[in-house]
Amino acid sequence: MAEISYMIGLSFKGMDNVILMKNLKKTDRTSEYVKIQTKGNTYYSVITLLISLVSGVMFNISPYFPMIMCMLVSFVNFLLTFYLYEVPSKEEKKTNKIGLQIDKLTLLMILLYGLFYAMIAVGQKNGKLFIQLNLQDFLDVGKVAIYMSVIIFISRIVRLFSNLIFVKVYDKLKNKIAYLFETVLCLSFVLLIVGNFVGKNIYGIIVMVVGYCIYLFLRDPFSTWLKKEIFEHSDESIHDKIVNGLLLGVKIFTLLYGIVISSMLTKLSYVYVMIFLLVVSLIFVGLIIKIIMMLDKSKSNT
């Protein structure tokens with residue numbers, strides 16, 4: 001029942017983005033979406049960073065303590081929803097040039113979101129396991145747990161840092177930032193692979209940790225950028241459907257990646273999994289180039 005309730009709640013994830021974009025559109029402030037969303041991501045990064053520090057302590061006090069805190073925070077969030085404000089629509093609704101249907105460009109962006117964000121999630125999960133397996137080759141279990149805790153904490157700092165610098169980078173690159181996302185994603189897998197071959201030592205682990213932290217560096221900026229482009233390109237009346245499509249896409253591709261990875265691990269080592277993920281990531285280049293060209297053309301026609 002708990003898992004079912006969690007999945008139901010997860011289906012509404014992202015609706016805050018819809019409300020934010022609707023309000024910004026109605027007040028002619030859509031250019032501020034990236035700045036405001038990134039500020040929210042920054043607060044979230046700080047909170048998760050603090051949680052990573054105190055969650056272990058709370059669990060040692062009582063296994064139920066973290067769950068009780070989650071319940072209290074969820075209740076506070078529930079109360080805060082009553083203060084959400086949606087700018088009322090004008091009586092005469094303007095007809096959107098793009099229409100109320102999801103066009104080819106929007107579908108391609110939804111596809112890219114599912115492929116790319118699922119790859120980040122899968123890379124983060126399997127990158128952590130890859131590092132853990134390498135640590136176990138020259139450290140005992142107790143030290144491995146300590147090292148992994150430190151690595152996760154460092155990755156949270158990297159996530160916070162990415163949100164702090166994202167707006168400045170985006171202001172300079174605009175949509176060309178997609179090429180940076182693709183390059184850095186491929187680099188993460190390269191570093192994990194290279195670190196593995198450096199040797200079963202601390203130097204190899206450091207290289208792998210840099211690769212792992214890249215996934216946390218990409219998560220929020222990529223999501224913020226692509227959601228902005230999708231929302232701006234589509235009519236607000238279908239934004240809720242688009243958000244559901246984004247979540248569904250991530251779930252589907254995460255499942256597909258997971259099935260392939262599980263099949264590979266029955267016969268191959270983790271390094272081959274990373275090589276497979278690197279190859280798949282390289283395929284995204286064609287889709288990104290196509291989307292950027294279509295976005296530039298669409299904006300030049302408006």
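To be clear, the structure that these remarks concern was listed above.
Residues numbered from 1 in each chain as written. Predicted model: local features only at pLDDT ≥ 70, side-chain atom pairs only at ≥ 80, totals over all residues. Heavy atoms only, no water.

Observations regarding the side chain of Glu182
So, step 1. The topology assignment puts Glu182 in helix α7 (residues 177–198).
So, step 2. Summary of buried charges: Glu182 has no salt-bridge partner, and the nearest side chain of opposite charge, Lys176, is 16 Å away.
So, step 3. Here Glu182 is in contact with Phe116, Ser281, Leu282, Phe284, Val285 and Ile288, once residues within four sequence places are set aside. (Helix = DSSP H or I, 4+ residues; strand = E, 2+ residues; numbered from the N terminus. Buried < 20%, exposed > 50% of the residue type's maximum accessible area, 1.4 Å probe, protein only. Lys, Arg positive; Asp, Glu negative; His and termini not counted. Salt bridge = Lys/Arg side-chain N within 4 Å of Asp/Glu carboxyl O. Contact = heavy atoms within 4.5 Å.)

Observations regarding the packing of aromatic side chains
So, step 1. Taken as a whole, this structure holds 13 aromatic pairs when the rule is applied.
So, step 2. Aromatic side chains Phe78 and Phe82 sit 5.2 Å apart centroid to centroid with 85° between the ring planes, which places their arrangement in the edge-to-face category.
So, step 3. Judged by centre distance (6.5 Å) and plane angle (35°), the rings of Phe253 and Tyr257 are tilted. A residue pair is termed a helical-turn pair when its members lie 3 or 4 positions apart in one helix, as Phe253 and Tyr257 do in helix α9 (residues 239–265) at four residues.
So, step 4. Exposure remark for Phe253: the relative accessible area of 18% places this residue in the buried category. (Phe/Tyr/Trp six-rings, centres within 6.5 Å; stacked < 30°, edge-to-face > 60°.)

Brief notes about the environment of Leu49
So, step 1. Along the chain, the position of Leu49 falls in helix α3 (residues 33–61).
So, step 2. Put simply, Leu49 and Val271 are 222 residues apart on the chain and 29 Å apart in space, counted from C-alpha to C-alpha.
So, step 3. When sequence neighbours within four positions are dropped, the list of residues in contact with Leu49 reads Phe153, Arg156, Ile157 and Leu160.

Remarks on the packing of α3 against helix α4 (residues 65–80)
So, step 1. With their axes 7 Å apart at the nearest point, α3 and α4 run at an angle of 120° to one another. Relative to α4, the element α3 is oriented oblique. For the pair formed by α3 and α4, the contact residues are Ser55, Met58, Phe59 and Ile61 on the first element and Phe65, Pro66 and Met69 on the second.
So, step 2. Along the lines of polarity and charge, the residues of the contact of α3 with α4 split into six nonpolar, one polar and no charged. (Axes fitted to C-alpha atoms, helices over the stretch in contact; angles between N-to-C directions. Parallel < 35°, antiparallel > 145°, perpendicular 65-115°, else oblique. Nonpolar A, V, L, I, M, F, W, Y, C, P; charged D, E, K, R; others polar.)

Describing unusual backbone geometry
So, step 1. Unlike most non-glycine residues, Asp28 shows phi in positive territory, near 55°.
So, step 2. Within the secondary structure, Asp28 is located in the loop between α2 (15–26) and α3.
So, step 3. At Lys174, a position not held by glycine, the phi torsion is positive, near 55°.
So, step 4. Locating Lys174 in the fold gives a position in the loop between α6 (141–173) and α7.
So, step 5. For Lys174, a relative accessible area of 43% corresponds to the partly exposed category.

A few points about the pattern of salt bridges
So, step 1. Enumeration according to the criterion identifies five salt bridges in this entry.
So, step 2. Ionic pairing is found between Asp220 and Arg159, a salt bridge with its closest N-O pair at 3.0 Å. Separated by 61 residues along the polypeptide, Asp220 in helix α8 (residues 202–233) and Arg159 in helix α6 bring together distant segments of the chain. For the pair shown, Asp220 and Arg159 are each scored as buried.
So, step 3. When the shortest N-O distance is used, the salt bridge between Glu232 and Lys228 registers 3.1 Å. Of this pair, Glu232 and Lys228 both sit in helix α8, four residues apart, which is roughly one turn of that helix.
So, step 4. Exposure remark for Lys228: the relative accessible area of 6% places this residue in the buried category.
So, step 5. Salt bridges linked by common partners bring Lys228, Glu229 and Glu232 together as one network.

With respect to the environment of Ser45
So, step 1. Tracing the chain through its elements places Ser45 in helix α3.
So, step 2. When the C-alpha atoms of Ser45 and Arg156 are compared, they prove to be 6.9 Å apart, with 111 residues separating the residues in sequence.
So, step 3. Excluding residues within four positions of it along the chain, Ser45 makes contact with Arg159, Leu160, Asn163 and Asp220.

Observations regarding α9
So, step 1. Look at α9: 39 Å from first C-alpha to last across 27 residues, which is about the 39 Å you get at 1.5 Å a residue.
So, step 2. Its buried side turned inward, α9 meets α2, α5 (104–135), α8 and α10 (270–300). (Expected span 1.5 Å × (residues − 1).)

Overview of the nonpolar core
Looking at soluble globular proteins, one finds that nonpolar side chains tend to be buried together.
So, step 1. Counting 75 residues, the largest nonpolar core has Phe116, Ile131, Leu185, Phe222, Trp225, Tyr257 and Phe284 as its most contacted members.
So, step 2. Contributions of two or more residues to this core are made by α2, α3, α5, α6, α7, α8, α9 and α10.
So, step 3. Take this core: its biggest share by element is 16 residues, from α5.
So, step 4. Not counting residues up to four positions away in its chain, the partners in contact with Tyr257 are Leu115, Ala118, Met119, Val122, Val280 and Phe284. (Core = buried A, V, L, I, M, F, W, Y, C linked by side-chain atoms within 4.5 Å.)

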